[in-house]
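Reading the structure
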Amino acid sequence: MIRQAIIPLAGLGTRLLPLTSVYAKELLPINGKAGLEYIIDECIDAGIKEIIFIISKKKEIIRKYFYNDKFFKKIIKKKKDLRIINEYKKIKKFKKMIKFVYQNNPKGTGDAVLKTKNLIKDKYFLMLLPDDLIIKRNCSKDMILIHNKKKCSVMASMRVQKKTINRWGIYSKKNNINKNNFYINDVVEKPDIKSAPSNNAVIGRYILPKKIFKKLQNQKKGKGGEIHITDSIRRLIKDGETFVGHNFKGKYLDCGTIDGYINSSIEISKI
Ligand code: G1P
């Protein structure tokens, strides 16, 4: 059973400046709804019961979004607007599920995950990277089904263009399980085109084992001086931990860049 999800939210979002100079990128509206809410909806629909947000002092606005009761109550008392009442109900429901931990120094995704160590209860947990929206299909739900069957770690995968390979974690495949799933032999963070083992990229949905914390505790800095989750995953695979790559069925939207962010609203408005 996968009951807990973690979401790293401490990143500065420099690729979305100036929007992110005063605002959290994960709260930017995508077709009229905060981007983060799409990720929360995906979690709830996949059966997740608790979500751990990894924020920073600079991203307190995210906590405020869910802890603004006084404000909502005052407005609702005055206006009795049904839309606002329903929105507040939804926020309260989300709030009940969310816990916060802090990563005040953005040292990389691996370091962010390590901050949740004392809160993870089960053998496996889900991680979602909020820059990666997947629409038209619940990728987390599909990955949990695979996990339940195979009792192993699972990561989302997508074929990418060769010229963009040095922007992603890239898989080396062991063998195919079926059309949409394969056993992972290795994974390399942002390789150059020449040394890339494939063009199957890691997309931001991971089912990870609790064991990963042991690796993260002594994980050395990797590409760009950051502590990458990919490097610890790689060490777990070397130790014999099974990881399945899942070619997800939905449509991928990259909300971490301006062009991608604009396109996300357009794509979602078409659904
Ligand atoms: C992170 C991961 C990378 C993965 C990507 C997916 O990179 O480190 O392996 O392919 O997310 O979006 P980032 O986007 O933080 O550079």
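Residues numbered from 1 in each chain as written. Predicted model: local features only at pLDDT ≥ 70, side-chain atom pairs only at ≥ 80, totals over all residues. Heavy atoms only, no water.

Here's the deal with the site of the ligand
In the vicinity of the ligand, the residues found are L129, D132, R167, W168, G169, E189, K190, V202, Y206 and T230. In the environment of the ligand, an oxygen atom lies 2.7 Å from a nitrogen or oxygen atom belonging to the side chain of E189. Contact distances for the ligand include 2.6 Å between an oxygen atom and a backbone N or O atom of V202. For the ligand, whose free accessible area comes to 380 Å², the fraction covered by protein is 84%. Of the residues belonging to the shell around the ligand, the class tally is four nonpolar, two polar and four charged. (Near = heavy atom within 4 Å. Polar contact = N/O pair within 3.5 Å; in protein donor to acceptor, adjacent residues only side chain to side chain. Areas by Shrake-Rupley, 256 points an atom, 1.4 Å probe, with all protein chains shown as cover. Nonpolar A, V, L, I, M, F, W, Y, C, P; charged D, E, K, R; others polar.)

Some remarks on the packing of helix α1 (residues 35–45) against helix α4 (residues 82–97)
Where α1 meets α4, the axes come as close as 12 Å, and the angle between the chain directions of the two elements is 65°. In terms of axis orientation, α1 runs roughly perpendicular to α4. Two packed elements cross with a definite hand, and for α1 against α4 that hand is left-handed. Residues E37, I40, D41 and I44 of α1 pack against K90, I91, K93, F94 and M97 of α4. Its residues assigned to classes, the contact of α1 with α4 shows five nonpolar, no polar and four charged. (Axes fitted to C-alpha atoms, helices over the stretch in contact; angles between N-to-C directions. Helix = DSSP H or I, 4+ residues; strand = E, 2+ residues; numbered from the N terminus. Parallel < 35°, antiparallel > 145°, perpendicular 65-115°, else oblique. Left-handed = near helix turned anticlockwise from the far one by under 90°. Contact = heavy atoms within 4.5 Å.)

A look at the nonpolar core
Ranked by size, the top nonpolar core spans 60 residues in total, and within it L36, F53, I62 and F66 carry the most contacts. Look past the residues within four positions of F66 in its chain and what remains in contact with it is L36, I40, F53, I91, F94, K95 and I98. In this structure, A112, I212, I233 and I237 belong to the second largest nonpolar core, which totals 26 residues. (Core = buried A, V, L, I, M, F, W, Y, C linked by side-chain atoms within 4.5 Å. Buried < 20%, exposed > 50% of the residue type's maximum accessible area, 1.4 Å probe, protein only.)

Examining α4
An α-helix turns once per 3.6 residues; consequently, residues spaced three or four apart project the same way. A rise of 1.5 Å per residue sets the reference length of α4, with its 16 residues, at 22 Å; its end C-alpha atoms lie 23 Å apart and thus fit the reference within 8%. Of all the residues in α4, the buried ones are I84, Y88, I91, F94 and M97. Packing partners of the buried residues in α4 comprise α1, β4 (50–55), α2 (60–66), α3 (69–79) and β5 (98–102). (Expected span 1.5 Å × (residues − 1).)

A few points about the pattern of salt bridges
What the rule picks out here adds up to 20 salt bridges. Where K25 meets D131, a salt bridge forms, and the shortest distance between an N and an O atom there is 3.0 Å. Separated by 106 residues along the polypeptide, K25 in the loop between β1 (4–8) and β2 (29–30) and D131 in the loop between β6 (124–128) and β7 (132–135) bring together distant segments of the chain. In terms of burial, K25 and D131 fall into one category: buried. (Salt bridge = Lys/Arg side-chain N within 4 Å of Asp/Glu carboxyl O.)

Quick look at the environment of M1
In this structure, M1 sits in the segment before β1. Look at M1 and you get exposed, because its relative accessible area is 74%. Taking C-alpha positions, M1 is 22 Å from I229, a pair spaced 228 residues apart along the chain. When residues no more than four places from it in sequence are discounted, the contact partners of M1 are D122 and N148.

Re the pairing of β4
Counting buried positions along β4 gives six out of six residues, so the element sits mostly inside the fold. Side chains E50, I52 and I54 of β4 all project onto a buried face; the interleaved residues I51, F53 and I55 project onto the opposite face, where all are buried too. Inspection of the sheet shows β1 paired to β4 by five bridges, in the parallel sense. Paired with P8 across the strands is I54, a residue of β4. Both β4 and β5 contribute to a ladder of five bridges, which runs parallel. (Pairing = 2+ DSSP bridges.)

With respect to the state of the cysteines
Under the definition given, this model contains zero disulfides. Its sulfur unpaired, C43 is 11 Å from the next cysteine sulfur, which belongs to C139. Looking at C43, the relative accessible area reads 0%, which means it is buried. (Disulfide = S-S within 2.5 Å.)

Notes on a nonpolar patch on the surface
Taken together, the side chains of L19, I258, I262 and I266 make up a nonpolar region of the molecular surface, amounting to roughly 310 Å² of accessible area. Summarising the element assignment, I258 is placed in helix α9 (residues 258–269). Using a relative accessible area of 31% as the deciding quantity, one classes I258 as partly exposed. (Patch = residues over 30% accessible without salt bridge, like charges linked within 9 Å, V, L, I, M, F, W, Y side chains within 5 Å.)

A closer look at the packing of aromatic side chains
This model, assessed by the stated rule, comprises ten aromatic pairs. Plain terms: the ring middles of Y65 and F66 are 5.2 Å apart, the flat faces sit at 75° to each other, and that makes the pair edge-to-face. Taken together, the ring pairs connect F53, Y65, F66, Y67, F94 and F100 into an aromatic cluster. The lysine or arginine in question, R63, covers the ring of F100, its NZ or CZ lying 4.6 Å from the ring centre. (Phe/Tyr/Trp six-rings, centres within 6.5 Å; stacked < 30°, edge-to-face > 60°. Lys NZ or Arg CZ within 6 Å of the ring centre and 35° of its normal.)

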